[in-house]
Amino acid sequence: PLLCWPHLNAPSSSMSVAPSFSEKEKKEIDDIVRTSSDGEAVFSDRFLGDHAGRYIFQQLKKADAQGPTTVDAKGCYMGLESGLAVAELLKSPTCKLEKLSLEWNSFGSFENGITEIATSLALNGSLTSLDLRNNNIGPNGGGMLARGLRDNRTLVSLDLRWNEIGNPGALAFKDLFVTGMNTVLKSVKLVGNKVSDVVLTEVEDL
């Protein structure tokens, strides 16, 4: 079986150094993708690493319309390479992914990765729920995600709890709602982001 990663602390930028990615693990990933055509692909809580994460999302992109609608990749030790592959999947015009959990990874530690994910949200036409809890996302990353959602018309729920977007990132989401640039997004969770109580209430009440 694949090793499990205990959630003792939020992951750090050291995630860019991936553990070995064996042929056995590659086969297990292939099997999960192949047998998940009617619903959910679960890769959660496995010490897979960035190279394996990139492979997962490349395979999901190849699966195209035969791929799952829900993917759980929580706690998989993913970073930059995985983030770029996530973005490529979401930018695909044939992507049918609806729910994506990326909790407990390190996408926010690499600006290129979170920038590409934000850009992909502007182009995606299928995702309704995105979980990015505990991903080291800072104020710039929060702002980029908010800007990417200006042109998104499918995402309903975004979970950003336990990152570090601060007031600047939170205010970017306030601006997104106040200006009416996005009327589809109904829930943005920001607890644990070093956001003041006043700003947090303003955003969550919109």
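Everything numeric in this text was worked out from a predicted model, so none of it was measured.

How each quantity is defined
- Residues numbered from 1 in each chain as written.
- Predicted model: local features only at pLDDT ≥ 70, side-chain atom pairs only at ≥ 80, totals over all residues.
- Heavy atoms only, no water.
- Pairing = 2+ DSSP bridges.
- Helix = DSSP H or I, 4+ residues; strand = E, 2+ residues; numbered from the N terminus.
- Axes fitted to C-alpha atoms, helices over the stretch in contact; angles between N-to-C directions.
- Buried < 20%, exposed > 50% of the residue type's maximum accessible area, 1.4 Å probe, protein only.
- Contact = heavy atoms within 4.5 Å.
- Parallel < 35°, antiparallel > 145°, perpendicular 65-115°, else oblique.
- Nonpolar A, V, L, I, M, F, W, Y, C, P; charged D, E, K, R; others polar.
- Core = buried A, V, L, I, M, F, W, Y, C linked by side-chain atoms within 4.5 Å.
- Polar contact = N/O pair within 3.5 Å; in protein donor to acceptor, adjacent residues only side chain to side chain.
- Salt bridge = Lys/Arg side-chain N within 4 Å of Asp/Glu carboxyl O.

Participant: Please clarify how the sheet that holds strand 6 (residues 187-189) should be interpreted in this entry.
Facilitator: The strands that make up a sheet pair up through hydrogen bonds in the backbone, lying either parallel or antiparallel. Within the open sheet, the six strands sit side by side as 1-2-3-4-5-6. Their pairing is parallel. Looking at the sheet topology across the chains shown, the edges are occupied by strand 1 (40-42) and strand 6. Sheet twist, expressed as the mean angle between neighbouring strand axes with direction ignored, is 5°. When strand 3 (residues 99-101) meets strand 4 (residues 129-131), the two strands line up parallel, connected through three bridges. Looking across to strand 4, one finds that L100 is bridged to L130.

Participant: In this structure, what is going on with the side chain of S44? I would like to understand it.
Facilitator: Structurally, S44 can be placed in the loop between strand 1 and helix 2 (50-63). What makes S44 buried here is its relative accessible area of 17%. Leave out the neighbours within four places in its chain, and S44 touches D72, K74 and C76.

Participant: Explain the packing of helix 2 against helix 3 (residues 80-91) here, please?
Facilitator: Relative orientation and spacing of two packed helices are given, respectively, by the angle between their axes and the distance between those axes. In contact at an axis separation of 7 Å, helix 2 and helix 3 are set at 10° when each is read in the N-to-C sense. One finds that helix 2 runs roughly parallel with respect to helix 3. Note on element contacts: helix 3 touches helix 2 through L80, E81, S82, A85, V86, E88 and L89, opposite D50, H51, G53, R54, F57, Q58, L60 and K61. Looking at the contact of helix 2 with helix 3 residue by residue, the class counts come to six nonpolar, four polar and five charged.

Participant: How do you make sense of the nonpolar core when you look at a structure like this?
Facilitator: The tendency in soluble globular proteins is for nonpolar side chains to be buried side by side. In this structure, F43, F57, L145 and F173 are the most contacted members of the largest nonpolar core, which totals 52 residues. The set of elements that each furnish at least two residues to this core consists of helix 1 (23-34), helix 2, helix 3, helix 4 (111-123), helix 5 (139-148), helix 6 (166-178) and helix 7 (197-204). Here the element with the most residues in this core is helix 2; it accounts for six residues.

Participant: What exactly am I supposed to notice about the side chain of S92 here?
Facilitator: You can see S92 is positioned in the loop between helix 3 and strand 3. Separated by 3.1 Å, the side chains of S92 and T94 make a polar contact. Residues in contact with S92, not counting those within four places in the same chain, are K61 and D64.

Participant: I would appreciate a short explanation of the pattern of salt bridges in the present structure.
Facilitator: Should their charged atoms come close, side chains of opposite charge can pair. Taken as a whole and judged by the stated rule, the model has twelve salt bridges. Residue R133 pairs with D159 through a salt bridge whose shortest N-O separation is 3.3 Å. Pair noted here: R133 is in the loop between strand 4 and helix 5 and D159 is in strand 5 (residues 157-159), with a separation of 26 residues, a long-range link. Among the residues examined, R133 registers a relative accessible area of 21% and is labelled partly exposed. The shortest N-O distance in the salt bridge between D159 and R161 comes to 2.6 Å. Accessibility expressed as a relative area gives 7% for D159, which makes it buried. Among the charged side chains, a network of salt bridges with common partners joins E103, D131, R133, D159 and R161.

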